[in-house]
Amino acid sequence: MCVVLIAVVAWSFGSTNSDLLAHLCLVAGLGALARASLVDIRELRLPNFWTAFALISGVAGSVVGSSGPSALLGIIVSAVPFLLLHLLDPSALGFGDVKFAAAAGAVIAIVWWPAASVIAVVALASALVVRLVRPSGPRAFGPNLMAGTLFASLVATSLVSKGIVT
């Protein structure tokens, strides 16, 4: 469904350019993750709908952008650290956060999959700052993951647009 919607939007602009479709998938994925992050702030849960939408957008963007396997690499790089943390202590990190990280890795892989490693570093650093500012009470981790995702997106697009990486 996501691919169809993106294709319709691209067609309405008169383009069949795969780069445009990939970038639309990137925007759709980031938007879905931002929405999930907002829900997490209010309800302390990450909705499956938005994380699944982002995951599908990331995979679709990688496929239409001719970097198909990169989505899987982005998912692995971004989700495995959080999956291990969740398996070690489920009370420290929910499985929704693991799914968010996987979707974020797929979305970042549209541009450059190695940048998905930045997600965990920034998310954990921002979570530490939040914990120092507010040491007690429940805290949503989705916004930290979103910060990592946005930073990884900026790093990836900057490096690719400058021709530093391909």
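Residues numbered from 1 in each chain as written. Predicted model: local features only at pLDDT ≥ 70, side-chain atom pairs only at ≥ 80, totals over all residues. Heavy atoms only, no water.

S.K.: Account for the overall build of the protein, naming residues and giving values.
M.R.: Within the protein, the secondary structure is distributed over 7 helices and 0 strands. Along the protein, helices and strands appear, N-terminal first, in the series α-α-α-α-α-α-α. The 166 residues of the protein split such that 42% are buried. Sequence-distant contacts in the protein: of pairs separated by 6 or more residues, those separated by 24 or more amount to 68%. (Helix = DSSP H or I, 4+ residues; strand = E, 2+ residues; numbered from the N terminus. Buried < 20%, exposed > 50% of the residue type's maximum accessible area, 1.4 Å probe, protein only. Contact = heavy atoms within 4.5 Å.)

S.K.: Break down the pattern of salt bridges for me, citing the residues and quoting the values.
M.R.: Oppositely charged side chains can pair when the atoms bearing their charge come close. According to the stated counting rule, one finds 1 salt bridge in the structure shown. The partner of Arg45 in a salt bridge is Glu43, and the shortest N-O contact between them spans 2.7 Å. For Arg45, a relative accessible area of 43% translates into the label partly exposed. Note on Glu43: relative accessible area 42%, which makes it partly exposed. (Salt bridge = Lys/Arg side-chain N within 4 Å of Asp/Glu carboxyl O.)

S.K.: Before we move on, could you go through the environment of Gly65 and cite the residues and values that matter?
M.R.: Relative to the helices and strands, Gly65 resides in the loop between α3 (48-64) and α4 (68-88). Sequence spacing of Gly65 and Asn17 is 48 residues, and the spatial spacing of their C-alpha atoms is 9.2 Å. For Gly65, the contacting residues outside a window of four places in its chain are Ser18 and Ala22.

S.K.: I'd like a description of the packing of helix α2 (residues 18-43) against helix α5 (residues 95-109), backed by residues and values.
M.R.: Packing of α2 against α5 brings their axes to within 10 Å, and their N-to-C directions diverge by 160°. Accordingly, the angle class assigned to the pair α2 and α5 is roughly antiparallel. Judged by the sense of rotation from one axis to the other, the crossing of α2 with α5 is left-handed. Facing Leu26, Gly29, Leu30, Leu33, Ala36, Ser37 and Asp40 of α2, the residues of α5 in contact are Asp97, Phe100, Ala103, Ala104 and Val107. Along the lines of polarity and charge, the residues of the contact of α2 with α5 split into 8 nonpolar, 2 polar and 2 charged. (Axes fitted to C-alpha atoms, helices over the stretch in contact; angles between N-to-C directions. Parallel < 35°, antiparallel > 145°, perpendicular 65-115°, else oblique. Left-handed = near helix turned anticlockwise from the far one by under 90°. Nonpolar A, V, L, I, M, F, W, Y, C, P; charged D, E, K, R; others polar.)

S.K.: Report on the packing of aromatic side chains, specifying residues and quantitative values.
M.R.: Each aromatic ring pair is characterised by the separation of its centres together with the angle its planes make. Under the criterion given, the structure shown has 4 aromatic pairs. For the ring pair Phe49 and Trp50, a centre distance of 4.8 Å and an interplane angle of 85° mean the geometry is edge-to-face. Given a relative accessible area of 54%, Phe49 falls into the exposed group. Aromatic ring contacts, followed pair by pair, group Phe49, Trp50 and Phe53 into a single cluster. (Phe/Tyr/Trp six-rings, centres within 6.5 Å; stacked < 30°, edge-to-face > 60°.)

S.K.: Help me get a handle on the nonpolar core, residues and values and all.
M.R.: Of all hydrophobic cores here, the largest spans 33 residues; its most connected members are Leu33, Phe82, Phe100, Ile119, Phe141 and Leu145. Elements with a minimum of two residues in this core: α2, α3, α5, α6 (117-133) and α7 (142-161). In contact with Phe141, not counting residues within four places along its chain, are Asp40, Phe82, Leu93, Asp97, Ala123, Leu124 and Ala127. (Core = buried A, V, L, I, M, F, W, Y, C linked by side-chain atoms within 4.5 Å.)

S.K.: Describe the packing of α3 against α5, listing the residues and the values that go with them.
M.R.: Helix-helix packing is described using two parameters, namely the angle between the two axes and the distance between the axes. Close contact between α3 and α5 brings their axes to 7 Å; oriented N to C, the two are set at 25°. When the interaxial angle is binned, α3 and α5 end up roughly parallel. For α3 against α5, the interelement crossing comes out left-handed. Only Lys99, Phe100, Ala102, Ala103, Ala106, Val107 and Ala109 of α5 make contact with α3, whose side of the interface consists of Asn48, Thr51, Ala54, Leu55, Gly58, Val59 and Ser62.

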